[in-house]
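Below, each chain spelled out in residue letters.
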Amino acid sequence: TFALALVSAMGMLLRLLGWVRGSGESLGLGQVVGYWLNIAVVLGLWTALWAGWTAFSRYRQGEIARLRAESLRNVLELEALRARLNPHFVFNALNNVRALINEEPQRAREVVTRLSNILRHALEHSQRETTTLGEELAVVDDYLAVEGVHYEERLRVRRDIDAAVLSAQLPPMLLQLLVENAIKHGIACTPGGGELAIAAWRDAGVLHVEVTNPGRLEAEEREGHGVGLAYLRARIARDHVHRFGLQQDGPHVRARLEIAQ
């Protein structure tokens, strides 16, 4: 329709200018104006339809991208939750409790309490968008206490936490994920274990959290292929205002979170 209308309009213009004349045909100014008005209406409708369809396509693509990102986040959160309920971790913890029951019953009760805290936190984490650093550190302390029974003197923990940042806000589980990753890829893989260091401070409205462990930075950690690191990177990417990085620092691996406050 557009092409035919354009050809017709061009023909009318040429005949009006006297460059082309039809057999016995006489054209008036009103006819030419009428033709051009028709062309303008057709062009206007076509342009409006094209602009509307383009806008709708962009909106639909944006919605699809948003839904895909949300779906990916939900999948990663579910996988991260499953990782928190890792049967190997629970199995080792229960075996350690069984070994402690007769020899150190008080310590066995403490481990059970801490394990209960960890599982409750894992089940409730998705209900909150943020938590305080103090609350996150309490869960990390429970986790380290349970793992301390398993690794004993191989796991040595050093904390350098500025008391002024305990009320700072951060997404749930991020610090716990870094600590778990440090034990899995650092302490567990290093003969004799080593020191796991946790530091936190605030600078220029940004909360800095560092977790350092002995070992080498493997490719899967660097690229974030693991479930925990994949969830962490996806959460950081979704919030846009936070940053996360892993780097080799001599014989240690250093993980740093920067959380805007």
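Above: the structure in question.
Being a predicted model, the structure only gives us computed values, none of them experimental. (Residues numbered from 1 in each chain as written. Predicted model: local features only at pLDDT ≥ 70, side-chain atom pairs only at ≥ 80, totals over all residues. Heavy atoms only, no water.)

Peer 1: Honestly, the pairing of strand 5 (residues 206-214) in this entry has me stumped. Any pointers?
Peer 2: Regular strands place their side chains on alternate faces of the sheet. Burial analysis of strand 5 places 8 of its 9 residues in the buried class, the great majority of the element. By the bridge criterion, 7 bridges tie strand 4 (residues 194-203) to strand 5 in an arrangement that is antiparallel. Its bridge partner lying in strand 5, arginine 202 is registered against leucine 207. As judged from the 9 bridges shared by strand 5 and strand 7 (residues 252-260), these two strands associate in the antiparallel manner. Of the residues in strand 7, the one forming a bridge with histidine 208 is glutamate 258. (Buried < 20%, exposed > 50% of the residue type's maximum accessible area, 1.4 Å probe, protein only. Helix = DSSP H or I, 4+ residues; strand = E, 2+ residues; numbered from the N terminus. Pairing = 2+ DSSP bridges.)

Peer 1: Hey, could you run me through the pattern of salt bridges in this one?
Peer 2: Opposite charge on two side chains permits pairing when their charged atoms draw close. Applying the stated criterion to the full structure yields 10 salt bridges. Residue arginine 158 is joined to glutamate 195 by a salt bridge in which the shortest nitrogen-to-oxygen separation is 3.0 Å. Linking arginine 158 in strand 2 (residues 155-161) with glutamate 195 in strand 4, this pair joins segments that are 37 residues apart in sequence. Among the ionic pairs, glutamate 210 bridges to arginine 256, the shortest N-O distance being 2.3 Å. Residue glutamate 210 is found in strand 5, and its partner arginine 256 is found in strand 7; the two are separated by 46 residues along the sequence. Classification of glutamate 210 as buried rests on a relative accessible area of 9%. (Salt bridge = Lys/Arg side-chain N within 4 Å of Asp/Glu carboxyl O.)

Peer 1: Looking at this structure, how should I read the environment of glutamate 110?
Peer 2: With respect to the secondary-structure elements, glutamate 110 resides in helix 4 (residues 105-124). Separated by 32 residues in sequence, glutamate 110 and aspartate 142 place their C-alpha atoms 9.6 Å apart.

Peer 1: I keep staring at the packing of aromatic side chains and nothing clicks. Help me out?
Peer 2: Aromatic ring pairs are described here by two measures, namely the spacing of the ring centres and the angle between the planes. As enumerated under the stated definition, the model contains 2 aromatic pairs in all. Between tryptophan 53 and phenylalanine 56 the ring centres are 5.9 Å apart and the planes differ by 40°, which places this aromatic pair in the tilted class. Of this pair, tryptophan 53 and phenylalanine 56 both sit in helix 2 (residues 29-84), 3 residues apart, which is roughly one turn of that helix. Take tryptophan 53: its relative accessible area is 53%, and that puts it in the exposed class. Owing to a relative accessible area of 44%, phenylalanine 56 belongs among the partly exposed residues under this scheme. (Phe/Tyr/Trp six-rings, centres within 6.5 Å; stacked < 30°, edge-to-face > 60°.)

Peer 1: Hey, could you run me through unusual backbone geometry in this one?
Peer 2: With the exception of glycine, the majority of residues adopt a negative phi angle, and the majority of peptide bonds are in the trans configuration. The phi dihedral of glutamate 152 falls on the positive side, at around 50°, and the residue is not glycine. Structurally, glutamate 152 is set in the loop between helix 5 (133-151) and strand 2. We note that alanine 204 has phi near 55°; this positive angle belongs to a residue other than glycine. Note that alanine 204 resides in the loop between strand 4 and strand 5.

The values reported here are purely geometric and, on their own, carry no functional implication.
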